[in-house]
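Spelled out from the first residue to the last, the chains are:
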Amino acid sequence: MRPIQILTTASLLTLILLPTLGSSQDYRIGTLAVAQAWARESPPTVTNGAAFMTIDNRGTSADRLLGADAEVAERVELHTHLMDDGVMRLRQVEFIDLQPGQVTELKPGGLHVMFIGLKAPFKAGERVPVTLRFEQGGNLDIEVSVMTMDEAGAIMQKYGKPTHDHGAAKGQ
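Computed from a predicted model, the values in this text were never measured in an experiment.

Draft legend 1. Representation of unusual backbone geometry in the model. Of note in this structure, Gln36 is not a glycine but carries a positive phi near 55°. Position of Gln36 relative to the elements: it lies in strand 2 (residues 32-40).

Take a look at the structure:
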């Protein structure tokens, strides 16, 4: 194989396999299942981070993710990205709707859990304990797998790398 073919093959395999590298644990509470929880390692000077995951509402009634708690940051908020004058900006949301029979994806460039004021940078290989708070389902303790910059970069390229700021707004 030529070097470019090897690189292309490795890149394709990375994109196929990375979604399974997040938390392999499938966390459940009631009719909700949370899977593939991951975050990107952070440089030493970065004080914020984000977690991404899928939430499958396997029930027949709607629920909401109301928030999250984690000891690793001063505060944890739910965020989304909004386009504002051609610039992608982060905005806090009060909740994330979880429709019955649907999977909600918290992903780069979209909804996510935001860690503000990290007490220490996220390091690759760590598993960050997080408690998710659901309106109907109650509290669910999960672990978020921290990926290397390269691993997370491959996933983020799948969604694009938005330019954003860290402003706050209420609502979804």
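The structure having been displayed, the exposition proceeds.
Draft legend 2. Looking closely at the side chain of His79. In this fold, His79 is placed in strand 5 (residues 73-84). Judged by relative accessible area, His79 falls into the buried class, the value being 1%. Among the polar contacts listed, one links the side chain of His79 to the side chain of Glu77, at a separation of 2.7 Å.

Draft legend 3. A look at the packing of aromatic side chains. Inspection of the entire model under this criterion finds 2 aromatic pairs. Ring centres 4.7 Å apart and planes at 40° place the aromatic pair Trp38 and Phe52 in the tilted group. Of this pair, Trp38 sits in strand 2 while Phe52 sits in strand 3 (residues 48-57), and the two are 14 residues apart along the sequence. On the accessibility criterion, Trp38 (7% relative accessible area) is buried. Pairing Phe115 with Phe122 gives two aromatic rings, centres 5.4 Å apart and planes at 85°, and the pair type is edge-to-face. As far as the burial class goes, Phe115 and Phe122 line up, both buried. Between Arg64 and the ring centre of Phe95, over which it is positioned, the NZ or CZ distance is 3.8 Å.

Draft legend 4. Summary view of the side chain of Thr54. Secondary-structure assignment places Thr54 in strand 3. With a relative accessible area of 17%, Thr54 lands in the buried category. Ignoring sequence-local partners within four residues, the contact set of Thr54 consists of Ala33, Val34, Ala35, Gln36, Val103, Thr104 and Glu105.

Rules used in this analysis
Residues numbered from 1 in each chain as written. Predicted model: local features only at pLDDT ≥ 70, side-chain atom pairs only at ≥ 80, totals over all residues. Heavy atoms only, no water. Helix = DSSP H or I, 4+ residues; strand = E, 2+ residues; numbered from the N terminus. Buried < 20%, exposed > 50% of the residue type's maximum accessible area, 1.4 Å probe, protein only. Polar contact = N/O pair within 3.5 Å; in protein donor to acceptor, adjacent residues only side chain to side chain. Phe/Tyr/Trp six-rings, centres within 6.5 Å; stacked < 30°, edge-to-face > 60°. Lys NZ or Arg CZ within 6 Å of the ring centre and 35° of its normal. Contact = heavy atoms within 4.5 Å.

Taken by themselves, the reported measurements are silent on function.
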